[in-house]
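Residue-level structural notes
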Amino acid sequence: MPGKAPDRARAIALRTRLLAAMLGPLLGAAAIIGVGGATLISDVVRRTNDRVLGGALGAIAETVQVERGEVTLDLPPAAFGMLENSERDNVYYRIAVGRELLTGYADLPAPDPATMTVDQPRYRFARYRDQGIRIAEVKRMLPRIAQPVIIQVAETLDNRKALAERLIFALLLGEVALVGVAVLLLRPALGWSLRPLARLRRTVEARDGSARPDFSPLDAGPLPNELHPLATAFDHLLAQLDKATGGVRRFTADASHQMRTPLSVLKVQVELARRGSSAALDEIADAVQRLERLVTQLLALARAEEGGVSPPLEAVDLKEVSSAVIGRLINQAIQAEVELNLDAEDGESYRVQAHRTLVFEIIANLIDNGIRYNRRGGTVTVILTREAEHILLTVGDDGPGIAPEHHGRVFERFFRAVGPNGAEGTGLGLAIVQSAASRMGASVEIANGGPGTRISIRFATRDTAVEPSL
């Protein structure tokens, strides 16, 4: 029964995310433009109306003259005509010599002449008759007149407000239309932009109905730069799956082939035992022992190559594990008349970062090979050596050794080199050693030359440990 897929919390759709990511800055920009535009409109309206108000002020100020020692003026109708507008704003004026009113509205807010510059128009807002007004005023100095002449022209603000509101409304209407059109265009644009992702999804889904898993690289056509890393990573994952499943298929085929031989022997010897052959029982016992060893080593190899997340490395004392393995295999060595030795400096630390179970399997398989392929009266020695950045674990024997032409194949699964003494194993011992060492980031070496076989495992110390492979 296939495992149930884990429940995944649904996040916001990618199309919605992209739409929100685009609309958010667009609305923010529209708000900034709206505020800036409203400020600019208010300033333009103020400047434009002030220019008209200033023109009326200048027209009136030009008529102020001195005749026979007195200030006279002639209010031109055109000065007030230019202030007429559709909103029918009220217009007020005031002309005074010093504090003395010459003509106009006496209660119009008067300025302080000391704060004004001669012939320099000035504008300000004020309240008059419960209305907001804009006042344009100028100070003039006339010949033979000691007091300054103050000319003021004012108008209410209805036209300014109406004009500013119309322009701001037009601005907001344009922004709303722009955002609306953007929303309408963004959805099809996003659909077009996400089309390569949909094509990639369809390519993956098309492989779901295949009778045999297809681990070949994806062919989804041209992809944007943003999707290239995803497709490359997926192709890499497919290649790893292809390698893993291929290894499982080969391992299963080889294992079934290797197990067929002892099972066939068992079947034949059982028939012979039924016919009364006493020698058949010995053959059955030998076949069972070989089958048991094969199954044990297949399980050990599976443990050494198991996938998934590797457990964290731990401190492992190679000397302690070597002593434990020798104690476990001492009876086998006695039966084979082989001596087991451990060569390590007293008081020296041989701790490495590794997995104790895998280290035990490595040493056990190397010592087992040393016993199995050795001569009677031979020795198997475990040597521990500390180097600058590594600790070297070497298992050597004084048996016939491995032929040099076989050095490149001894780590292959089920490869067996039959020794001169006729001993034959399962062909898995050194494959287990290689796989277990690789999982811990250690390296395996075979010494060339000299009698016997010497296989070394080089463990990095904690400071220089490499990343273990999974």
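Check the entry above for the structure.
Residues numbered from 1 in each chain as written. Predicted model: local features only at pLDDT ≥ 70, side-chain atom pairs only at ≥ 80, totals over all residues. Heavy atoms only, no water.

**Side note on the overall build of the chain**
Scanning the chain for helices and strands turns up nine helices and 14 strands. Here the chain holds 470 residues, and the buried ones make up 38% of them. Taking the intrachain contacts of the chain between residues at least 6 apart in sequence as the baseline, contacts between residues at least 24 apart amount to 65%. Of the accessible surface of the chain, which amounts to about 28000 Å², a share of 56% is contributed by carbon and sulfur atoms. (Helix = DSSP H or I, 4+ residues; strand = E, 2+ residues; numbered from the N terminus. Buried < 20%, exposed > 50% of the residue type's maximum accessible area, 1.4 Å probe, protein only. Contact = heavy atoms within 4.5 Å. Areas by Shrake-Rupley, 256 points an atom, 1.4 Å probe, with all protein chains shown as cover.)

**Considering the pattern of salt bridges**
Tallying each qualifying case throughout the model produces 17 salt bridges. Between Asp-119 and Arg-140 there is a salt bridge whose closest N-O contact spans 3.7 Å. Taken as a pair, Asp-119 in the loop between β4 (100-104) and β5 (122-128) and Arg-140 in strand β6 (residues 131-140) lie far apart in primary sequence, 21 residues in all. By relative accessible area, Arg-140 is classed as partly exposed at 23%. Its salt-bridge partner being Asp-398, residue Arg-375 comes within 3.1 Å of it at the nearest N-O pair. In this pair, Arg-375 is assigned in the loop between α8 (356-372) and β11 (379-386) and Asp-398 in the loop between β12 (390-397) and α9 (429-439), connecting sequence segments 23 residues apart. Take Arg-375: its relative accessible area is 43%, and that puts it in the partly exposed class. Assessed through its relative accessible area of 25%, Asp-398 is described here as partly exposed. (Salt bridge = Lys/Arg side-chain N within 4 Å of Asp/Glu carboxyl O.)

**Considerations on the sheet that holds strand β14 (residues 454-460)**
Read across the sheet, five strands follow the order β9-β11-β12-β14-β13 without closing on themselves; strand pairing throughout is mixed. Only two strands of the sheet have a single partner each, and these edge strands are β9 (339-343) and β13 (443-446). Direction aside, neighbouring strands of the sheet carry axes that sit 15° apart on average. Examined bridge by bridge, β11 and β12 share seven bridges and lie antiparallel to one another. Its bridge partner lying in β12, Thr-385 is registered against Leu-392. (Pairing = 2+ DSSP bridges. Axes fitted to C-alpha atoms, helices over the stretch in contact; angles between N-to-C directions.)

**Let's talk about the sheet that holds strand β7 (residues 149-156)**
Ordered in space as β4-β3-β7-β6-β5, the five strands form an open sheet in which the pairing is antiparallel. The strands lining the two open edges of the sheet, one partner per strand, are β4 and β5. Strand-to-strand twist in this sheet, taken as the mean axis angle between neighbours without regard to direction, amounts to 25°. In this sheet, β4 lies alongside strand β3 (residues 91-97) in antiparallel orientation, the contact comprising four bridges. Bridge pairing links Arg-94 to Gly-104 in β4.

**Re unusual backbone geometry**
For Asp-130, which is not a glycine, the phi torsion comes out positive at approximately 60°. Within the secondary structure, Asp-130 is located in the loop between β5 and β6. Given a relative accessible area of 71%, Asp-130 falls into the exposed group. We note that Glu-337 has phi near 55°; this positive angle belongs to a residue other than glycine. Checked against the element boundaries, Glu-337 lands in the loop between α7 (318-335) and β9.

**Thoughts on the environment of Glu-175**
Considering the arrangement of structural elements, one finds Glu-175 in helix α3 (residues 158-193). Put simply, Glu-175 and Ala-31 are 144 residues apart on the chain and 8.9 Å apart in space, counted from C-alpha to C-alpha. Dropping the residues within four chain positions of it, Glu-175 is found in contact with Ala-30, Ile-33 and Gly-34. Within the structure, Glu-175 has its side chain in polar contact with the backbone nitrogen of Gly-34 (distance 3.1 Å). (Polar contact = N/O pair within 3.5 Å; in protein donor to acceptor, adjacent residues only side chain to side chain.)

**A few points about the pairing of β13**
Along β13, the buried face is formed by Val-444 and Ile-446; none of Ser-443 and Glu-445, which line the opposite face, is buried. Pairing of β13 with β14 involves four bridges; the strand directions are antiparallel. The residue of β14 that forms the bridge with Ser-443 is Arg-458.

**Structural notes on the environment of Gly-58**
Residue position: Gly-58 is located in helix α1 (residues 14-61). What makes Gly-58 partly exposed here is its relative accessible area of 27%. When the C-alpha positions of Gly-58 and Ala-79 are compared, they lie 8.4 Å apart, and in sequence the two are 21 residues distant.

**Some points on the pairing of β3**
Taken across its seven residues, β3 has six buried, putting it largely inside the fold. Here seven bridges tie β3 to β7, and the two strands are oriented antiparallel to one another. The residue of β7 that forms the bridge with Val-97 is Val-149. Here β3 folds back onto β4, and the loop between the two strands holds two residues, one of which, Gly-98, carries a positive phi near 65°.

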